[in-house]
Amino acid sequence: MAHMVAEPTAFSSSGEDVITRGLSIAPAAGSTNISHPITREELAHIEDLYDVEWVAKEIVKARYQQVALQFPDDLLHISVPIHQSLRRRLSSEIGLYVLADTSYGSCCVDEVAAQHIEADVIVHYGYSCLSRPSRMPVLYVFSKAPLDVDHAAECLLKLACQEAAVSELGTKSPQFILVTDVSYSHMEDELCVALRASPLLLPGSILYYNSVPRQAHPFPSTASNTSHSPPLPYLGVAANPAGSTPDSSSPQSLPTPSSHGRYTLPDAISVSSCVILYIGPESLALTNLLMTHPENTIISYDPTSQSPSAKVESVRTNRLLMRRFSMVQQARDADVIGILVGTLGVASYLPLLSRLRTLLAKHHKKSYTLSVGKLNPAKLANFAEIECFVMVACPQNSVVDAKEFLRPIVTPFELFLSLSPEPSWPGNYILDFEHVVEHQAATNSKDDGNERDADEPVFSLVTGKYRHPKRYDQGDSFSLLPDDDLTVILRNTETAVTRTSESAGADFLKQRTFKGLEQRLGEDGPSVLEQGRSGIARGYQDDHSPPEDVAE
């Protein structure tokens with residue numbers, strides 16, 4: 001007779017198997033597959049595609065000692081070859097660290113993770129929103145997507161001339177602004193040459209463009225480490241006619257960027273009088289361009305489509321703004337606002353958070369500040385008492401399509417509009433933090449002294465009825481006796497009665513039918529004690545009955 005003996009189990013392990021086990025990573029479509037041992041040709045292609053030589057020279061020139069390499073999820077499979085290539089070109093004293101699984105959007109610089117290793121610089125790979133960092137310098141390495149320059153120039157100018165002929169620009173030569181997705185920034189110079197050389201370009205027309213910056217630095221007042229930093233240029237240089245070279249050493253070529261952050265124009269040129277030519281697929285960058293330039297004719301060219309062609313995108317602007325205006329009206333009816341922190345690495349996000357809290361308190365609205373990382377409907381559904389959210393993130397991630405979310409999600413600019421006395425749309429749309437704060441400060445100075453009557457009803461365009469807003473006062477938090485039934489009475493050990501300020505969460509909990517598990521103290525008798533299971537989770541002793549003895 002043989003008796004099968006169960007395998008002995010340990011209650012704890014060293015965790016070594018978690019670190020040493022291999023992981024299979026699926027590379028992104030169109031990228032180099034490195035599931036097999038990489039060849040010299042593939043390595044040379046990766047080094048050329050992601051500018052390994054340029055990155056190494058910039059690190060040595062600026063004397064950076066701790067370097068963080070940030071990769072999005074779709075480029076993680078090339079992180080090891082790039083790390084090894086940089087290691088061969090740099091001194092062993094320079095630390096190289098790979099960052100993955102960003103705290104927020106992958107287009108933003110993850111300064112939080114970089115500060116864990118006390119990095120001097122971040123090398124950001126892949127798509128980027130080009131937002132100015134708040135603490136440390138950044139080197140951008142974009143993907144290099146293919147582009148048929150001649151075909152793109154012909155399609156864009158042909159459609160632009162047709163639009164100019166039927167618009168008010170037909171009597172004069174149109175001015176063009178070229179904006180490209182960062183994946184096509186390496187083809188900007190060739191594209192500008194092809195546009196200027198095209199016979200379709202009307203005489204007298206001027207093409208303005210800015211090269212996409214390869215480096216970004218925080219403002220001097222917010223820089224946390226400037227000992228190894230090169231000079232601090234602004235994001236973008238002054239717009240110049242195509243073919244000319246901006247003088248980056250001249251003070252005139254370092255203006256503050258526009259709300260889009262990708263171009264500036266001479267004082268004599270109005271933005272509304274220009275036709276914007278966009279190269280790139282449909283993305284959040286194109287959506288934000290449409291919303292921030294509602295008066296412009298925008299012509300896009302998508303190289304990733306099966307049959308690339310140019311089309312007018314301006315017809316989408318009205319639908320987008322109407323949808324966002326509906327969000328503004330919902331935010332106007334909200335009394336409890338949740339401030340979602342969607343970035344910790346974009347400059348001026350702290351002054352904006354402070355301004356939002358101050359303004360909401362001034363309008364007697366309750367605000368909660370939340371940091372939930374990457375958004376999804378399930379996370380925000382846990383905060384059912386919040387009636388509207390405002391997203392503080394980079395321009396690429398500020399505009400959130402809230403169809404699947406329980407509550408509307410607005411931008412800071414839209415929240416400022418909802419808090420204005422007259423809910424009118426000013427005609428422009430601002431996503432840049434600095435410009436949002438400046439716009440709100442200018443608007444707030446005009447509205448000072450116009451305190452709304454507490455008993456005055458407000459008409460809601462959402463419900464079509466009058467409503468009485470709730471008022472949450474931040475001051476006078478404690479008094480001796482309660483004056484309404486929304487307060488919470490606390491009795492301390494000295495039997496002194498105090499009153500806490502009104503709580504939006506307590507008010508919401510009071511209205512709910514389900515308030516959690518009932519304790520039922522003293523109502524139920526004690527249960528009979530029973531023997532429970534023993535062992536560890538992967539193999540309790542009563543999970544499997546012992547096998548019967550088997551005869552030999």
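Residues numbered from 1 in each chain as written. Predicted model: local features only at pLDDT ≥ 70, side-chain atom pairs only at ≥ 80, totals over all residues. Heavy atoms only, no water.

Student: Mind showing me how you'd approach the pairing of strand S9 (residues 274-279) here?
Tutor: Side-chain positions along a regular strand alternate between the two faces of the sheet. Burial analysis of S9 places six of its six residues in the buried class, the great majority of the element. Taking every second residue as pointing to the same face, both faces of S9 are buried, with Cys274, Ile276 and Tyr278 on one and Val275, Leu277 and Ile279 on the other. By the bridge criterion, six bridges tie strand S5 (residues 175-180) to S9 in an arrangement that is parallel. Across the sheet, residue Leu178 finds its bridge partner in S9, namely Leu277. Two strands pair when backbone bridges link them, and S9 and strand S10 (residues 297-301) are joined in this way by five bridges, in the parallel orientation. By the bridge assignment for S10, Ile279 is matched with Tyr301. Crossover S9 to S10 through helix H8 (residues 284-292) is right-handed. (Buried < 20%, exposed > 50% of the residue type's maximum accessible area, 1.4 Å probe, protein only. Helix = DSSP H or I, 4+ residues; strand = E, 2+ residues; numbered from the N terminus. Pairing = 2+ DSSP bridges. Right-handed = clockwise from strand over helix to strand, strands pointing away.)

Student: For this particular structure, what's the right way to read the packing of helix H2 (residues 40-49) against helix H4 (residues 79-89)?
Tutor: Between two packed helices, the angle of one axis relative to the other and the distance separating the axes together describe the packing. The interhelical angle for the contact between H2 and H4, taken along N-to-C directions, is 80°, at an axis separation of 10 Å. Between H2 and H4, the angle is such that the two are roughly perpendicular. Each of Leu43, Ile46 and Glu47 in H2 lies in contact with H4, whose residues at this interface are Pro81, Ile82, Ser85, Arg88 and Arg89. (Axes fitted to C-alpha atoms, helices over the stretch in contact; angles between N-to-C directions. Parallel < 35°, antiparallel > 145°, perpendicular 65-115°, else oblique. Contact = heavy atoms within 4.5 Å.)

Student: Got a minute to help me understand the confidence of the model for the protein chain in this structure?
Tutor: Detailed conclusions should not be drawn from predicted coordinates in areas where pLDDT is low. Summarising the model, the protein chain shows a mean pLDDT of 75, and 73% of its residues fall at 70 or more. pLDDT under 50 marks residues 1-12. Its contacts with residues more than four places away, or in other chains, come to 16 contacts. Across residues 222-261 the pLDDT falls below 50, and counting only partners more than four positions away or on other chains, this stretch makes 86 contacts in the model. (pLDDT = per-residue confidence, 0-100.)

Student: How do you make sense of the packing of aromatic side chains when you look at a structure like this?
Tutor: What characterises a pair of aromatic rings is the spacing of the ring centres plus the angle enclosed by the ring planes. Enumeration over the complete set of coordinates arrives at four aromatic pairs. Taken together, a centroid distance of 5.8 Å and an interplanar angle of 10° make the contact between Tyr140 and Phe142 stacked. The pair Tyr140 / Phe142 is uniform in exposure class, with both members buried. Taken together, a centroid distance of 5.5 Å and an interplanar angle of 70° make the contact between Phe413 and Tyr429 edge-to-face. Residue Phe413 is found in helix H13 (residues 412-419), and its partner Tyr429 is found in the loop between H13 and helix H14 (433-447); the two are separated by 16 residues along the sequence. Taking the relative accessible area as the measure of exposure, Phe413 reaches 1% and is therefore buried. The structure contains a cluster of three or more aromatic residues connected by ring pairs, namely Tyr50, Phe71 and Tyr125. The ring of Trp54 has Arg214 sitting right over it, with the charged end atom 4.1 Å from the ring centre. Over the aromatic face of Tyr368 sits the side chain of Lys366, whose NZ or CZ is 5.6 Å from the ring centroid. (Phe/Tyr/Trp six-rings, centres within 6.5 Å; stacked < 30°, edge-to-face > 60°. Lys NZ or Arg CZ within 6 Å of the ring centre and 35° of its normal.)

Student: Hey, could you run me through the pairing of strand S1 (residues 66-70) in this one?
Tutor: Burial analysis of S1 places four of its five residues in the buried class, the great majority of the element. Taken together, the five bridges between S1 and strand S2 (residues 95-99) define a ladder with parallel strand orientation. Residue pairing in the sheet places Val67 in a bridge with Leu96 of S2. Note on the crossover from S1 through H4 to S2: the handedness is right-handed. Two elements, S1 and strand S3 (residues 121-125), share four bridges in a ladder whose sense is parallel. Along S3, the bridge assignment pairs Ala68 with Ile122.

Student: What's the story with the sheet that holds strand S15 (residues 409-410) in this structure? I'm lost.
Tutor: In a beta sheet, neighbouring strands pair by backbone hydrogen bonds and run either parallel or antiparallel. The strand order across the open sheet formed by four strands is S13-S12-S14-S15, and the pairing between neighbours is parallel. This sheet does not close on itself; its edge strands, each paired only once, are strand S13 (366-370) and S15. Across five bridges, strand S12 (residues 336-341) lies against S13 in parallel orientation. Counted as the bridge partner of Ile337 is Ser367 from S13. Those strands touched by helix H10 (residues 349-362) are S12, S13 and strand S14 (388-392), and its axis lies near 175° from that of S12. Of the strands in this sheet, S14 and S15 touch H13, which is tilted by about 135° from S14.

Student: Is there a simple way to explain the side chain of Glu313 in this structure?
Tutor: Relative to the assigned elements, Glu313 resides in the loop between strand S11 (310-312) and helix H9 (315-333). A polar side-chain atom of Glu313 sits 2.8 Å from a polar atom in the side chain of Ser300. If we ignore the near neighbours within four places in the chain, the residues touching Glu313 are Glu282, Leu286, Leu290, Ile298 and Ser300. (Polar contact = N/O pair within 3.5 Å; in protein donor to acceptor, adjacent residues only side chain to side chain.)

Student: What am I meant to see in the sheet that holds strand S4 (residues 138-141) here?
Tutor: Across the sheet, five strands lie side by side as S2-S1-S3-S4-S7; this open sheet has mixed pairing. Sheet topology places S2 and strand S7 (215-216) at the edges, where each strand pairs with a single neighbour. Contacts from helix H3 (residues 52-62) reach S1, S3, S4 and S7, with the element oriented near 170° to S4.

Student: Help me out: how do you make sense of the nonpolar core in this one?
Tutor: If you look at soluble globular proteins, the nonpolar side chains tend to sit buried side by side. The biggest cluster of nonpolar side chains holds 66 residues, and the ones touching the most others in it are Leu352, Leu356 and Ile409. Per-element accounting of this core gives the leading share, six residues, to H10. Once residues within four sequence positions are removed from consideration, Leu352 is found in contact with Val392, Pro412, Phe416, Phe433, Val436 and Val437. If you look at the next biggest cluster of nonpolar residues, it comprises 26 residues, including Leu147, Ala153, Ala160 and Leu207. (Core = buried A, V, L, I, M, F, W, Y, C linked by side-chain atoms within 4.5 Å.)

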